[in-house]
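Coordinate analysis (summary)
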Amino acid sequence: MKPMNFLKKLLKTTPTPIKSTLTITSSNGFHMRPIAKFANEVKKFDATITIEAKEQKVQATQVPKILSLALETGDSFILYSVGEEAKEADSYLKDYFNKLMMEDSKVEIAKQEDENYQAPSIYGDTIVKGVGIAPLVKYKTIEIVDDTKKSVDIKEAIDLTKEELLNLYKDSIKGEETQIFLAQKEILSSEIFEKEFKSIEDLDKVFNQEIENIKDTKFKSKVSDYKDLKKRVLSYLGLKSVLKLPNTPYILLAKDLLPSEVNQISKTAIKGVILEEGSLTSHASILLRSFNIASIIVNKPICENSSCNYPNVIIDANSGDIILEPTSRDLRKAESKQKKIILENDKSYSKRFEPSRTKSGRKVRVLANITDVNSAKEAKDDGADGVGLFRTEFLFTKSKPSLEEQIRAYREIFELFDDITIRTLDIGGDKSLPYINIPKEDNPFLGLRGIRFSLYEKTLLKEQLLAIFKAHNGKRVKVMFPMVSQKEEFRRAKRVAFDVAREHNIDISNILFGIMIEVPSVILALKVFDKGVDFFSIGTNDLTQYLFAIERTHPILKVDLTSPIIISALKIIIDNTSKPISICGELAGIEEATPELINMGYTNLSVSSKLIPSLKEKIRSI
Ligand code: PEP
Ligand code: MG
């Protein structure tokens, strides 16, 4: 059978109604941001998709309805897909959901340090580290009535708010905070806001009902999103409520803040925020993190009955202390802490383009793990010394990119860096492509993954290699094969590469070929591989999974990524290889492990790009 026919056979075409069970594995539950992202993806399919849980069935496009199911960690729901694209939708959404759960990591509770202030201190949980000294200002809003907006009706106000949120979403640069605006827009797009509203009271009722639905659930912190939305809609109707804030530095004391209020304070001389209620995972907390505003939650009222007139308050979010009436020694201590923090932050970021050497002069290269052109540009801007892992499968997630599209993307990325490692498609296991039918397997993590799939169905591999070769333009590029477990696989993959180059008459003398070390069998055959490959890169994520026989996405079973067993495996690897070697799994970015990795001889670490400046600085301190 010709390869193209085979590929066509693999492509799914028959739409059939299907049902899948999905389980919430994120410790945050299925909360607003992932729900909104999920609902947004659902809309892209020509299919009717519903969610069934707790004896209720809701449309998978309706954010508030899904939210009101209050699905927590360990709960499951059934996803029903019916219609023309049901099969594609089911396959894509299952995958997308699992990815969302993985990305939605538990919020790290900032580690607090001990501090001894002389004056009494009020202790709280740290949202964002930092130290601020300024007068305390109590939360106060002022209502502004704008008569010029009287002509706008409620429907128009809702539409304008949706437009505003969409623009905020598009204009934000990156990160979790952008999803907040998308989540809020999705709420307003749900059918409960499609009815005809006769009055503001009518609108109020709908908001109050939704708040009522979630106020006693794990998602009660999202009540502020409904309040925020109401505020945004009302402002288009001429009823504006804004925070009253000084022009001079201040520390804000509030019960809780709405996301839009965090935006407002971020544009002022704010030195810190003290919240008397709220949670570390609320949208206000996420935004405080993204604006890096020192903040603490105390979970109790402060200065309830007094006038709250404190002209010199210390907020030390590094230790969790709030000192309302500090002594002059306390003030000196806080000031010197402030200076140190500023110096440290400035130092690592401003030195991100400089090479990182240990104190003894050993150069360690910090490379980036990237997924596409945008992440490559971010990596460049974050000071990456090169790309240690280009996970190309991310270019393939929605649909198969054409040869030309691949060439364009690869070329643009190759031009950005002198040192680049591109990994051929790594699908299978937890990474499936909606348009490719991998034969059903009982244990996908032990099945047609990575190079095994590419060798089983070579069409995609051949096209990808051709795109890489055409894009490389004589430049030195490292091509890496994933999930290699036997030397025969590497040999066959390399032969495919040479056949492609010969068929298209492309000189690939500058292309290097290597493998990921992520299957334990390779460790037992290092000497054999060492003779054949040009380089190695260790995927500690999969290596850990296969060493411990614990699925990396398992909701209950977890392995410590810095376990001494992994460290011993890394030691065996470095002692038995002579070719250039790097680490590109998560372990490469865990700073507690950095001294040990360097000590063993690992001097190429590939990490997610936002970790680069501080990892470089850590290396300089070793
Ligand atoms: C790994 O397994 O450690 C790795 C870097 O690859 P991925 O996480 O993409 O499987
Ligand atoms: Mg891997």
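Residues numbered from 1 in each chain as written. Chains lettered and ligands numbered in written order. Predicted model: local features only at pLDDT ≥ 70, side-chain atom pairs only at ≥ 80, totals over all residues. Heavy atoms only, no water.

1. Comments concerning the layout of surface pockets
Within this model, the second largest pocket holds a volume of roughly 630 Å³. If you trace the second largest pocket, you find 26 residues lining it, with Val-223, Ser-224, Lys-227, Asp-256 and Leu-258 closest to the centre. Those elements giving two or more residues to the lining of the second largest pocket turn out to be strand E9 (141-145), helix H7 (200-214), helix H8 (223-236) and strand E10 (239-243). Ranked by residues supplied to the lining of the second largest pocket, first place goes to H8 with six residues. By residue class, the composition of the lining of the second largest pocket is eight nonpolar, six polar and 12 charged. (1 Å grid on protein atoms, 1.4 Å probe; cavity = no way out; pocket = protein on both sides within 12 Å on 5 of 7 lines; lining within 4 Å. Points joined across faces, edges and corners; volume = space filled by probe spheres on them. Helix = DSSP H or I, 4+ residues; strand = E, 2+ residues; numbered from the N terminus. Nonpolar A, V, L, I, M, F, W, Y, C, P; charged D, E, K, R; others polar.)

2. Structural notes on the pattern of salt bridges
Under the criterion given, the structure shown has 33 salt bridges. The salt bridge partner of Glu-186 is Lys-43, with a shortest N-O separation of 2.5 Å. Of the two residues, Glu-186 is situated in helix H6 (residues 176-188) and Lys-43 in the loop between helix H2 (32-42) and strand E2 (48-53); the sequence distance between them amounts to 143 residues. Given the relative accessible area of 41%, Lys-43 is considered partly exposed. Between Asp-575 and Lys-571 there is a salt bridge, and its shortest N-O distance comes to 3.1 Å. (Salt bridge = Lys/Arg side-chain N within 4 Å of Asp/Glu carboxyl O. Buried < 20%, exposed > 50% of the residue type's maximum accessible area, 1.4 Å probe, protein only.)

3. What about the packing of aromatic side chains?
Evaluated as defined, the whole model comprises 15 aromatic pairs. For the pair Phe-30 and Phe-38, a centre-to-centre distance of 6.1 Å together with 75 degrees between the ring planes defines the contact as edge-to-face. Summarising the burial analysis for this pair, Phe-30 and Phe-38 share the class buried. Grouping aromatic residues by their ring pairs yields a cluster made of Phe-30, Phe-38, Phe-77 and Phe-97. In this structure, Lys-333 packs its charged tip against the face of Tyr-117, placed 5.7 Å from the ring centre. A cation over a ring is seen here: Lys-380 above Phe-417, with NZ or CZ 5.1 Å from the ring centre. (Phe/Tyr/Trp six-rings, centres within 6.5 Å; stacked < 30°, edge-to-face > 60°. Lys NZ or Arg CZ within 6 Å of the ring centre and 35° of its normal.)

4. Structural notes on the sheet that holds strand E4 (residues 76-82)
Taken in spatial order, the four strands of this open sheet run E1-E4-E2-E3, and their pairing is antiparallel. Unpaired on one side and paired on the other, strand E1 (18-23) and strand E3 (56-59) mark the two borders of the sheet. Taking the axes of each pair of neighbouring strands and ignoring which way they run, one obtains an average angle of 25 degrees across the sheet. Relative to E3, E2 runs antiparallel, the two being bridged by four bridges. Bridge pairing in E3 links Ala-53 to Gln-56. Packing of helix H4 (residues 86-103) onto the sheet brings it into contact with E1, E2 and E4, and relative to E1 it is tilted by some 5 degrees. (Pairing = 2+ DSSP bridges. Axes fitted to C-alpha atoms, helices over the stretch in contact; angles between N-to-C directions. Contact = heavy atoms within 4.5 Å.)

5. Some thoughts on the coordination of the magnesium ion (ligand 2)
Looking at the magnesium ion (ligand 2), one finds its protein donor set to be Glu-518 (OE) and Asp-542 (OD), positioned 2.0 to 2.1 Å from the metal centre. Here Asp-542 lies in helix H19 (residues 540-548) and Glu-518 lies in the loop between strand E21 (511-517) and helix H17 (520-523), a separation of 24 residues in the sequence. Residue classification places Asp-542 among the buried positions, given a relative accessible area of 3%. (Donors = N, O, S within 2.8 Å, 3.2 Å for Na, K, Ca; no water.)

So yeah, pure geometry; function would need other evidence.
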